[in-house]
Every structure is written in structure tokens, then in C-alpha cells.
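Inside the fold
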Amino acid sequence: MSEAKPPSPAIQRIRLRTELRKARTKTGLTQRQVAEKMEWSPSKLIRIEAGEVGITVNDLRPLLAVYEISSQRKVDELLDLARGSRKMPFTEFRDIYSKEFLQFLAMETSASLIRHFNSLQIPGLLQTEEYGRAIMRAYSSGLAQDTLDRYIEARLARQELLQGDEGPEFFFILDESVIRRQVGGRGVMRAQLERLAELAARPRVHIMVLPFSAGAHAGMQGPFTLFEFEADEMPDSFYLENPRGDSYASSDSEETGRYVERFWELEDLSIKDDVEVLLRRMAERTGEGSDDLASLLRDGTASTDA
């Protein structure tokens, strides 16, 4: 029998911070009192209990003494959580990503189910390298080449989640404008659409298209991502990010529930069947140049002249 897969670092960090808050509450100590006993700044303990940073084994041992945890079994359990929780994914990209987005990546790698809606661009998990480079250049025209390469490296590393038979189940809803906008030119966009068609054929990846004919809809307020987790310690969460790079994440059940309902509403409006065929046909038309407004104007002029 194969060994059970260990919990992800994000889940281990959630478990650890929950245990530490519970232990402090049991002692009746405030965060300030604990920080003073540990000779820490209060912000350090606050960040540890919020899960924003990990805690070293060397820091955890004396903290457990302050909390009067002496059972060797319990001490070993918490030390193991501390070791595992410090192996957070993508920390090597801290030079380019914000703390909030690193937390997003931690949720992405820990989730059992991910729902994403986008009305602006192909989601990063689905982008080809060429499409990704074109997007990054458009967003940051003055971006240094080595920094751009780092973003692309991170984006391609994220896509390992899509490989193989194991991993999260994905549900993507793309506005029709996303698959029509020719990011990077016809060649790049055709390759991107072919990539989407290939991914849509995979059993864990479900791609839907919200057509223009759906009219105005709630998704026009912006992209959002929803995460579901198998671990009881990880509440379902959602994440918002706008084009300026501002982000907002929440695990509040009421807020998350509203976005789940919004996703279901958009799903009801979307094309779900034969999406692979649709994307391949779009790829062909994009390559032929028969899908844009200019071609419609040319056709109209030709019929008028006739």
C-alpha cells in the first residue's frame, strides 16, 4: 500500500496557526504578553497567527514552553507542522510577486477544486509562453527582460498543476472577448486557442465560453477565482484581482457563497458542450483572418461595390 500523500505546506500552516492560537487562548495570555515573553515584536506573533509567515523550529520550541505544552507527542506533531509549513510553493519568486499573490499560489496548489471566471484575458494557468509574454509586455512596457523571463518562468511552473491524472479539478469560464482578442498577433492567438482546445479535452479541465449574446451579466464586474479544499481546516475561499494589481482574498463563508452563486449563474449562460470544437474553429478563423471587424468592413464594402 502506498503512503498517504502529506498535506500541502499551506494546509500545514493553517493547522499550525490554529493550534497556536488555541494554545495561547488556553493559557489566557494576550498576543502582547506572549511577544514580551519571547522578546519578539507584537507584529511577529500576529503575522504567525495569521498564517502570513511561517515559524522556525528554533522559535517554536520556546513558544511551546510558554504555552505549557509538554507532551512529547504534541510537541513533535507541532514541530513537524512547522517544518512542513515552511516549504511554501513559489517562495523563490518573492522578488516579483506580492505577499498576497504568494498566498494565492499557496491556495492554488492546495485546492481540490478551482473555479475561475475571466472577462479580460486567458487565465495564467492556461496561457502559452508567447501569449503570456505579449500580455506582460502590454501591461508593463518598461519591464526589464530578465524580470519578464522570471514572470514567465513562474507562470509555466504553475501549469504543472494541469499535468497528469492527479490534482485539482478546474472549471474556467471565459468571456467571448477573451478568445477573440488577438493578443500577440494572429499566430500567437491561433496557437493559444489550439492550446485551450487541447486542455478542454482533458478530464480534469472544464472550459466554458460566455457568449456576447448573453448580454450584460454580473461577471462584467471583473475576474475572480474560487477555491475548494478537502481539508477541514481550510475554508473555501475566493480571490479578486483588478488590472492595477490590487487584490482581495477572503475565506468568509457568506462572501464566498455569493461568488459561488455568481459563478453558477455565469455557468448557466455559458456554452459548455463541444467547446473543444468551438475553440479549434476559432483558431482556424483567427489564422485565416476571417474573424475580425476589418474583415467585416471589407466584406461590406465588397457587397456595396457589387
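Keep in mind it's a predicted model, so treat the numbers as computed, not measured.

1. So, the packing of aromatic side chains
Taken as a whole and judged by the stated rule, the model has 14 aromatic pairs. For the pair Phe104 and Tyr239, a centre-to-centre distance of 4.5 Å together with 50° between the ring planes defines the contact as tilted. Separated by 135 residues along the polypeptide, Phe104 in helix α6 (residues 99–110) and Tyr239 in strand β5 (residues 237–241) bring together distant segments of the chain. Its relative accessible area of 5% is what places Phe104 among the buried residues. Centre to centre, the rings of Phe238 and Tyr259 are 4.5 Å apart; their planes meet at 20°, and the pair counts as stacked. In this pair, Phe238 sits in strand β5 while Tyr259 sits in helix α11 (residues 253–269), placing the two residues 21 residues apart along the sequence. Taking relative accessible area as the criterion, Tyr259 reaches 16% and is therefore assigned buried. Grouping aromatic residues by their ring pairs yields a cluster made of Tyr97, Phe101, Phe104, Tyr151, Phe227, Phe229 and Tyr239.

2. Focus on helix α12 (residues 275–288)
In this model, α12 (14 residues) spans 20 Å end to end at C-alpha, consistent with the 20 Å of a helix rising 1.5 Å per residue. Listing the buried residues of α12 in full gives Val275, Leu279, Met282, Ala283 and Thr286. On an axial view of α12, the arc spanned by its buried residues comes to 105°, and they lie on one face. Residues of α12 that are exposed and point over 90 degrees away from its buried face: Arg281 and Glu288. Where α12 is buried, its residues contact α9 (176–180), α10 (186–200) and β3 (205–210). Of the residues flanking the end of α12, it is Gly289, one or two places downstream, whose phi is positive at about 80°.

3. Points about unusual backbone geometry
The residue Glu39 is not glycine, and still its phi comes out positive at about 55°. Relative to the assigned elements, Glu39 resides in the loop between α2 (31–38) and α3 (42–50). Phi is positive for Asp274, which is not a glycine, with a value near 55°. With respect to the helices and strands, Asp274 occurs in the loop between α11 and α12. Residue classification places Asp274 among the exposed residues on the basis of a relative accessible area of 60%.

4. Some remarks on the pattern of salt bridges
Where charged atoms of side chains with opposite charge meet at close range, the side chains can pair. The tally for this structure, following the rule as stated, stands at 19 salt bridges. Note that Asp59 is salt-bridged to Lys44, the shortest N-O span being 2.9 Å. A residue pair is termed long-range when its members are at least 10 positions apart, and Asp59 in helix α4 (residues 57–66) and Lys44 in helix α3 qualify at 15 residues. Ionic pairing is found between Glu228 and Arg115, a salt bridge with its closest N-O pair at 2.8 Å. Note that Glu228 is positioned in strand β4 (residues 224–228) and Arg115 in strand β1 (residues 113–118), a separation of 113 residues in sequence. Within this structure, Glu19, Arg73, Lys74 and Glu77 form a network of salt bridges that share partners.

About the thresholds
- Every chain begins its residue count from 1, and numbering advances along the sequence as written.
- Reporting in this predicted model follows two pLDDT cut-offs: at least 70 for local features of residues, and 80 or more for side-chain atom pairs to be given and counted; totals over whole chains, interfaces and linings ignore these cut-offs and use all residues.
- The basis for every side-chain value is the complete set of heavy atoms in the structure, and neither hydrogens nor water enter the calculation.
- Any two of the Phe, Tyr and Trp rings considered here, Trp counted by its six-membered ring, make a pair once their centres fall within 6.5 Å; the pair's planes then place it as stacked at under 30 degrees, edge-to-face at over 60, or tilted in between.
- Secondary structure elements follow DSSP: runs of H or I no shorter than four residues count as helices, runs of E no shorter than two count as strands, and numbering proceeds from the N terminus.
- The buried label applies to any residue whose accessible area, calculated with a 1.4 Å probe on protein chains only, is under 20% of its type's maximum; exposed applies above 50%, and partly exposed to all values in between.
- Helix span is expected to be 1.5 Å times the residue number reduced by one.
- The arc in question is formed by the directions pointing from the helix axis toward the C-beta atoms.
- We call two residues in contact whenever any of their non-hydrogen atoms come within 4.5 Å of each other.
- When a carboxyl oxygen of Asp or Glu is within 4 Å of a side-chain nitrogen of Lys or Arg, the pair counts as a salt bridge.

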